[in-house]
Amino acid sequence: MKFLVILICLMVNYLWLKDFDRFDDAWFFRFRSRIEGWVATLGEKIPMGWLVALLLIYVVPLFSLAVILTITGDSVFGLAAMLVHILVLLVALDRTQPGQLAKDFLVKWNAGDMSACVDFLQQKFASSNPPSTDEPALIGSFFSKQLTYRSFERMFVMFFWYMCTGPLGVLLSYVSYQLRDSHAEQQPQNQVDLVGLVIQLLEWMPLRLLALTFSLAGNWVQCFERVRHSFWQFGQENDNAELLYGYAKCATSGLLVSSRVGDTEEIEAQDNESAEIQAFLGLLERSQTIWLSVLALITIVGL
(Lines give C-alpha, C1' and ligand atoms only; values in the text may rest on other atoms or scores of the structure.)
Protein backbone atom coordinates (compact mmCIF):
# COMPACT_ATOMS: atom_id res chain seq x y z
CA MET A 1 0.00 0.00 0.00
CA LYS A 2 2.83 2.42 0.79
CA PHE A 3 4.19 2.48 -2.75
CA LEU A 4 0.69 3.12 -4.12
CA VAL A 5 0.22 5.97 -1.62
CA ILE A 6 3.50 7.57 -2.72
CA LEU A 7 2.52 7.34 -6.40
CA ILE A 8 -0.90 8.85 -5.72
CA CYS A 9 0.65 11.72 -3.74
CA LEU A 10 3.21 12.42 -6.46
CA MET A 11 0.50 12.50 -9.13
CA VAL A 12 -1.73 14.78 -7.05
CA ASN A 13 1.25 16.99 -6.24
CA TYR A 14 2.21 17.25 -9.91
CA LEU A 15 -1.24 17.69 -11.44
CA TRP A 16 -2.85 19.99 -8.85
CA LEU A 17 -3.25 23.65 -9.82
CA LYS A 18 -0.05 25.33 -8.62
CA ASP A 19 -1.91 28.55 -7.75
CA PHE A 20 -4.18 26.71 -5.34
CA ASP A 21 -2.67 26.16 -1.91
CA ARG A 22 -4.10 22.82 -0.82
CA PHE A 23 -2.94 22.95 2.77
CA ASP A 24 -2.05 26.01 4.82
CA ASP A 25 0.94 25.46 7.12
CA ALA A 26 -0.19 28.47 9.17
CA TRP A 27 -2.28 26.05 11.26
CA PHE A 28 0.93 24.82 12.85
CA PHE A 29 2.06 28.29 13.89
CA ARG A 30 -1.33 28.90 15.52
CA PHE A 31 -1.22 25.52 17.24
CA ARG A 32 2.33 26.14 18.47
CA SER A 33 1.46 29.64 19.71
CA ARG A 34 -1.48 28.31 21.72
CA ILE A 35 0.58 25.55 23.35
CA GLU A 36 3.44 27.90 24.23
CA GLY A 37 0.98 30.57 25.42
CA TRP A 38 -0.79 28.06 27.67
CA VAL A 39 2.50 26.86 29.18
CA ALA A 40 3.63 30.48 29.67
CA THR A 41 0.48 31.31 31.66
CA LEU A 42 1.40 28.61 34.16
CA GLY A 43 4.66 30.46 34.75
CA GLU A 44 6.85 29.08 37.49
CA LYS A 45 4.48 26.18 38.20
CA ILE A 46 6.13 24.22 35.40
CA PRO A 47 9.93 23.92 35.51
CA MET A 48 11.61 23.94 32.09
CA GLY A 49 8.43 25.18 30.47
CA TRP A 50 10.06 25.32 27.03
CA LEU A 51 10.68 21.57 27.17
CA VAL A 52 7.10 20.83 28.29
CA ALA A 53 5.76 22.98 25.44
CA LEU A 54 8.04 21.24 22.96
CA LEU A 55 6.94 17.78 24.09
CA LEU A 56 3.28 18.77 23.83
CA ILE A 57 3.80 20.14 20.33
CA TYR A 58 5.22 16.77 19.31
CA VAL A 59 2.91 14.51 21.30
CA VAL A 60 -0.51 16.05 20.55
CA PRO A 61 -0.46 15.67 16.73
CA LEU A 62 1.35 12.31 16.86
CA PHE A 63 -1.06 10.89 19.44
CA SER A 64 -4.05 12.24 17.50
CA LEU A 65 -2.80 10.60 14.31
CA ALA A 66 -2.18 7.31 16.12
CA VAL A 67 -5.77 7.35 17.42
CA ILE A 68 -7.15 8.08 13.94
CA LEU A 69 -5.08 5.25 12.42
CA THR A 70 -6.33 2.88 15.13
CA ILE A 71 -9.96 3.87 14.53
CA THR A 72 -9.75 3.57 10.75
CA GLY A 73 -7.77 0.32 10.84
CA ASP A 74 -9.16 -2.08 8.24
CA SER A 75 -12.49 -0.29 7.87
CA VAL A 76 -13.85 0.00 4.33
CA PHE A 77 -11.27 -2.56 3.17
CA GLY A 78 -8.43 -0.33 4.37
CA LEU A 79 -9.45 2.60 2.17
CA ALA A 80 -10.05 4.86 5.18
CA ALA A 81 -6.54 4.26 6.51
CA MET A 82 -5.12 4.73 3.02
CA LEU A 83 -6.86 8.10 2.76
CA VAL A 84 -5.28 9.15 6.07
CA HIS A 85 -1.85 8.11 4.76
CA ILE A 86 -2.39 10.16 1.58
CA LEU A 87 -3.51 13.27 3.48
CA VAL A 88 -0.54 13.16 5.87
CA LEU A 89 1.95 12.72 3.04
CA LEU A 90 0.35 15.49 0.96
CA VAL A 91 0.60 17.87 3.91
CA ALA A 92 4.29 17.06 4.34
CA LEU A 93 5.37 17.11 0.68
CA ASP A 94 6.48 20.30 -1.05
CA ARG A 95 3.68 22.38 -2.58
CA THR A 96 5.82 23.47 -5.53
CA GLN A 97 7.64 21.13 -7.89
CA PRO A 98 11.46 21.61 -8.00
CA GLY A 99 11.20 22.10 -11.75
CA GLN A 100 8.73 24.96 -11.28
CA LEU A 101 10.99 26.60 -8.69
CA ALA A 102 13.96 26.37 -11.05
CA LYS A 103 11.92 27.67 -14.00
CA ASP A 104 10.62 30.69 -12.07
CA PHE A 105 14.09 31.54 -10.75
CA LEU A 106 15.83 31.14 -14.10
CA VAL A 107 13.42 33.58 -15.76
CA LYS A 108 14.62 36.28 -13.37
CA TRP A 109 18.24 35.07 -13.40
CA ASN A 110 18.59 35.03 -17.19
CA ALA A 111 17.04 38.51 -17.34
CA GLY A 112 19.85 39.72 -15.07
CA ASP A 113 17.42 41.08 -12.46
CA MET A 114 19.35 40.34 -9.26
CA SER A 115 16.89 42.28 -7.11
CA ALA A 116 14.02 40.06 -8.32
CA CYS A 117 16.19 36.98 -7.73
CA VAL A 118 16.85 37.95 -4.11
CA ASP A 119 13.16 38.73 -3.55
CA PHE A 120 12.31 35.28 -4.96
CA LEU A 121 14.82 33.61 -2.62
CA GLN A 122 13.41 35.45 0.40
CA GLN A 123 9.89 34.41 -0.55
CA LYS A 124 10.56 30.74 -1.30
CA PHE A 125 13.31 30.10 1.27
CA ALA A 126 12.13 32.27 4.14
CA SER A 127 14.13 30.42 6.82
CA SER A 128 17.46 31.10 5.10
CA ASN A 129 19.51 34.27 4.61
CA PRO A 130 20.11 34.87 0.89
CA PRO A 131 23.05 36.94 -0.32
CA SER A 132 22.56 40.58 -1.24
CA THR A 133 22.24 41.98 -4.73
CA ASP A 134 25.85 43.16 -4.39
CA GLU A 135 26.97 39.51 -4.54
CA PRO A 136 25.54 38.18 -7.83
CA ALA A 137 28.14 35.40 -7.95
CA LEU A 138 26.65 33.91 -4.78
CA ILE A 139 22.97 34.19 -5.70
CA GLY A 140 22.94 31.36 -8.25
CA SER A 141 24.89 28.93 -6.07
CA PHE A 142 22.67 29.82 -3.10
CA PHE A 143 19.58 28.88 -5.11
CA SER A 144 21.18 25.60 -6.24
CA LYS A 145 21.96 24.69 -2.63
CA GLN A 146 18.52 25.61 -1.32
CA LEU A 147 16.74 23.84 -4.20
CA THR A 148 18.66 20.64 -3.48
CA TYR A 149 18.11 20.76 0.27
CA ARG A 150 14.43 21.71 -0.03
CA SER A 151 13.83 18.74 -2.34
CA PHE A 152 15.70 16.52 0.11
CA GLU A 153 13.81 17.53 3.25
CA ARG A 154 10.36 17.74 1.66
CA MET A 155 10.54 14.66 -0.54
CA PHE A 156 13.37 12.20 0.11
CA VAL A 157 13.24 12.47 3.93
CA MET A 158 9.47 11.99 3.83
CA PHE A 159 9.75 8.99 1.49
CA PHE A 160 12.36 7.35 3.71
CA TRP A 161 10.49 7.71 6.99
CA TYR A 162 7.15 6.83 5.40
CA MET A 163 8.56 3.53 4.15
CA CYS A 164 10.19 2.86 7.54
CA THR A 165 7.52 4.02 9.99
CA GLY A 166 4.43 5.01 8.02
CA PRO A 167 2.57 8.31 8.48
CA LEU A 168 3.78 8.75 12.07
CA GLY A 169 7.37 9.15 10.87
CA VAL A 170 6.24 11.60 8.20
CA LEU A 171 4.34 13.67 10.76
CA LEU A 172 7.33 13.64 13.14
CA SER A 173 9.55 14.98 10.35
CA TYR A 174 6.96 17.59 9.34
CA VAL A 175 6.55 18.84 12.91
CA SER A 176 10.34 19.06 13.34
CA TYR A 177 10.79 21.16 10.21
CA GLN A 178 7.86 23.38 11.16
CA LEU A 179 9.35 23.91 14.63
CA ARG A 180 12.55 25.04 12.94
CA ASP A 181 10.86 27.38 10.45
CA SER A 182 7.55 28.47 12.00
CA HIS A 183 8.21 30.42 15.18
CA ALA A 184 8.14 33.86 16.76
CA GLU A 185 11.20 36.11 16.63
CA GLN A 186 12.49 34.98 20.01
CA GLN A 187 12.66 31.38 21.18
CA PRO A 188 14.78 29.60 23.81
CA GLN A 189 18.18 28.56 22.50
CA ASN A 190 17.79 25.19 24.25
CA GLN A 191 14.69 24.56 22.18
CA VAL A 192 16.45 25.56 18.96
CA ASP A 193 19.35 23.20 19.75
CA LEU A 194 17.06 20.28 20.63
CA VAL A 195 14.98 20.66 17.47
CA GLY A 196 18.20 20.90 15.46
CA LEU A 197 19.40 17.65 17.02
CA VAL A 198 16.13 15.90 16.17
CA ILE A 199 16.44 17.07 12.55
CA GLN A 200 20.04 15.87 12.40
CA LEU A 201 18.88 12.43 13.57
CA LEU A 202 16.00 12.36 11.08
CA GLU A 203 18.24 13.39 8.18
CA TRP A 204 21.34 11.31 8.88
CA MET A 205 20.38 8.10 7.07
CA PRO A 206 18.28 9.63 4.23
CA LEU A 207 21.13 12.06 3.49
CA ARG A 208 23.65 9.22 3.09
CA LEU A 209 21.26 7.22 0.93
CA LEU A 210 20.59 10.21 -1.31
CA ALA A 211 24.33 10.89 -1.58
CA LEU A 212 24.85 7.30 -2.74
CA THR A 213 21.99 7.81 -5.20
CA PHE A 214 23.75 10.93 -6.51
CA SER A 215 26.80 8.76 -7.09
CA LEU A 216 24.72 6.33 -9.17
CA ALA A 217 22.93 9.09 -11.07
CA GLY A 218 26.01 11.25 -11.70
CA ASN A 219 29.79 11.18 -11.44
CA TRP A 220 30.35 8.01 -9.40
CA VAL A 221 34.05 8.42 -8.68
CA GLN A 222 34.06 11.98 -7.36
CA CYS A 223 30.75 11.80 -5.50
CA PHE A 224 31.40 8.44 -3.85
CA GLU A 225 34.85 9.58 -2.75
CA ARG A 226 33.32 12.61 -1.03
CA VAL A 227 30.63 10.43 0.56
CA ARG A 228 33.27 8.01 1.85
CA HIS A 229 35.18 10.79 3.60
CA SER A 230 32.13 12.37 5.25
CA PHE A 231 29.87 9.35 5.77
CA TRP A 232 30.17 9.17 9.57
CA GLN A 233 29.98 12.91 10.26
CA PHE A 234 27.29 13.82 12.76
CA GLY A 235 26.61 16.83 14.91
CA GLN A 236 24.81 20.13 15.00
CA GLU A 237 27.91 21.85 13.71
CA ASN A 238 27.37 20.05 10.39
CA ASP A 239 25.40 21.97 7.78
CA ASN A 240 23.42 19.28 5.96
CA ALA A 241 22.42 21.73 3.22
CA GLU A 242 26.08 22.50 2.53
CA LEU A 243 26.98 18.82 2.74
CA LEU A 244 24.29 17.85 0.24
CA TYR A 245 25.29 20.70 -2.05
CA GLY A 246 28.85 19.38 -2.05
CA TYR A 247 27.62 15.90 -3.01
CA ALA A 248 25.53 17.35 -5.84
CA LYS A 249 28.47 19.40 -7.10
CA CYS A 250 30.63 16.28 -7.26
CA ALA A 251 27.87 14.23 -8.90
CA THR A 252 27.37 16.83 -11.65
CA SER A 253 31.07 17.54 -12.24
CA GLY A 254 31.90 16.96 -15.89
CA LEU A 255 28.22 17.20 -16.85
CA LEU A 256 27.99 20.98 -17.14
CA VAL A 257 27.96 22.47 -20.62
CA SER A 258 30.51 25.27 -21.10
CA SER A 259 29.27 28.72 -21.99
CA ARG A 260 29.62 30.12 -25.49
CA VAL A 261 33.03 31.33 -26.59
CA GLY A 262 33.34 35.10 -26.74
CA ASP A 263 30.92 35.88 -23.93
CA THR A 264 31.87 38.45 -21.32
CA GLU A 265 32.85 37.22 -17.86
CA GLU A 266 29.50 38.32 -16.43
CA ILE A 267 27.49 36.47 -19.08
CA GLU A 268 29.78 33.45 -18.78
CA ALA A 269 29.23 33.31 -15.00
CA GLN A 270 25.48 33.67 -15.53
CA ASP A 271 25.44 30.85 -18.06
CA ASN A 272 27.51 28.59 -15.80
CA GLU A 273 25.16 29.12 -12.86
CA SER A 274 22.15 28.47 -15.09
CA ALA A 275 23.78 25.26 -16.36
CA GLU A 276 24.48 24.17 -12.77
CA ILE A 277 20.85 24.69 -11.76
CA GLN A 278 19.67 22.63 -14.74
CA ALA A 279 22.21 19.91 -13.93
CA PHE A 280 21.07 19.79 -10.28
CA LEU A 281 17.45 19.58 -11.37
CA GLY A 282 18.23 16.65 -13.67
CA LEU A 283 20.18 14.96 -10.87
CA LEU A 284 17.22 15.28 -8.49
CA GLU A 285 14.82 13.89 -11.10
CA ARG A 286 17.06 10.90 -11.81
CA SER A 287 17.49 10.28 -8.08
CA GLN A 288 13.73 10.35 -7.55
CA THR A 289 13.34 7.78 -10.33
CA ILE A 290 15.96 5.53 -8.70
CA TRP A 291 14.22 5.76 -5.30
CA LEU A 292 10.83 4.96 -6.82
CA SER A 293 12.32 2.00 -8.68
CA VAL A 294 13.84 0.66 -5.47
CA LEU A 295 10.56 1.18 -3.59
CA ALA A 296 8.70 -0.66 -6.36
CA LEU A 297 11.18 -3.54 -6.10
CA ILE A 298 10.78 -3.65 -2.31
CA THR A 299 7.00 -3.75 -2.76
CA ILE A 300 7.18 -6.58 -5.31
CA VAL A 301 9.58 -8.65 -3.21
CA GLY A 302 7.46 -7.98 -0.13
CA LEU A 303 10.16 -6.73 2.22
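Criteria and cut-off values
Residues numbered from 1 in each chain as written. Predicted model: local features only at pLDDT ≥ 70, side-chain atom pairs only at ≥ 80, totals over all residues. Heavy atoms only, no water. Helix = DSSP H or I, 4+ residues; strand = E, 2+ residues; numbered from the N terminus. Rg over C-alpha atoms; globule rule 2.2 N^0.38 Å. Contact = heavy atoms within 4.5 Å. Salt bridge = Lys/Arg side-chain N within 4 Å of Asp/Glu carboxyl O. Buried < 20%, exposed > 50% of the residue type's maximum accessible area, 1.4 Å probe, protein only. Axes fitted to C-alpha atoms, helices over the stretch in contact; angles between N-to-C directions. Parallel < 35°, antiparallel > 145°, perpendicular 65-115°, else oblique. Left-handed = near helix turned anticlockwise from the far one by under 90°. Nonpolar A, V, L, I, M, F, W, Y, C, P; charged D, E, K, R; others polar.

Asker: How should I be thinking about the overall build of the protein chain in this particular structure?
Answerer: Counting secondary structure elements, the protein chain contains twelve helices and zero strands. The order of α-helices and β-strands along the protein chain, N terminus first, is α-α-α-α-α-α-α-α-α-α-α-α. Expected size for 303 residues packed as a compact globule is a radius of gyration near 19 Å; at 21 Å, the protein chain falls within 12% of this value. Principal-axis analysis of the C-alpha atoms places the extent of the protein chain at approximately 70 × 50 × 40 Å. Restricting to contacts in the protein chain with at least 6 residues of sequence separation, those with at least 24 account for 73%.

Asker: How should I be thinking about the pattern of salt bridges in this particular structure?
Answerer: Two side chains carrying opposite charge are able to pair once their charged atoms lie near each other. What the rule picks out here adds up to eight salt bridges. Where Asp94 meets Arg154, a salt bridge forms, and the shortest distance between an N and an O atom there is 3.1 Å. Pair noted here: Asp94 is in the loop between helix H4 (79-92) and helix H5 (98-110) and Arg154 is in helix H7 (residues 136-165), with a separation of 60 residues, a long-range link. The exposure class of Arg154 is partly exposed, given its relative accessible area of 26%. When salt bridges that share partners are traced, they join Asp94, Arg150 and Arg154 into one network.

Asker: Could you clarify how one ought to interpret the packing of H7 against helix H8 (residues 167-181) in this entry?
Answerer: Think of two packed helices as two axes; the pair is described by the angle between the axes and how far apart they sit. Across the interface, H7 lies against H8 with an axial gap of 6 Å and an inter-helix angle of 150°. With respect to their mutual orientation, H7 and H8 come out roughly antiparallel. In this structure, H7 meets H8 at a crossing whose hand is right-handed. Across from Tyr149, Glu153, Val157, Met158, Trp161, Tyr162 and Thr165 in H7, the residues of H8 making contact are Pro167, Leu168, Gly169, Val170, Ser173, Tyr174, Tyr177 and Arg180. Of the residues contributing to the contact of H7 with H8, the split by class is ten nonpolar, three polar and two charged.

Asker: When you look at the side chain of Thr96 in this model, what are you seeing that I'm missing?
Answerer: One can find Thr96 in the loop between H4 and H5. Beyond its immediate sequence surroundings of up to four residues, Thr96 is in contact with Leu101 and Arg150.

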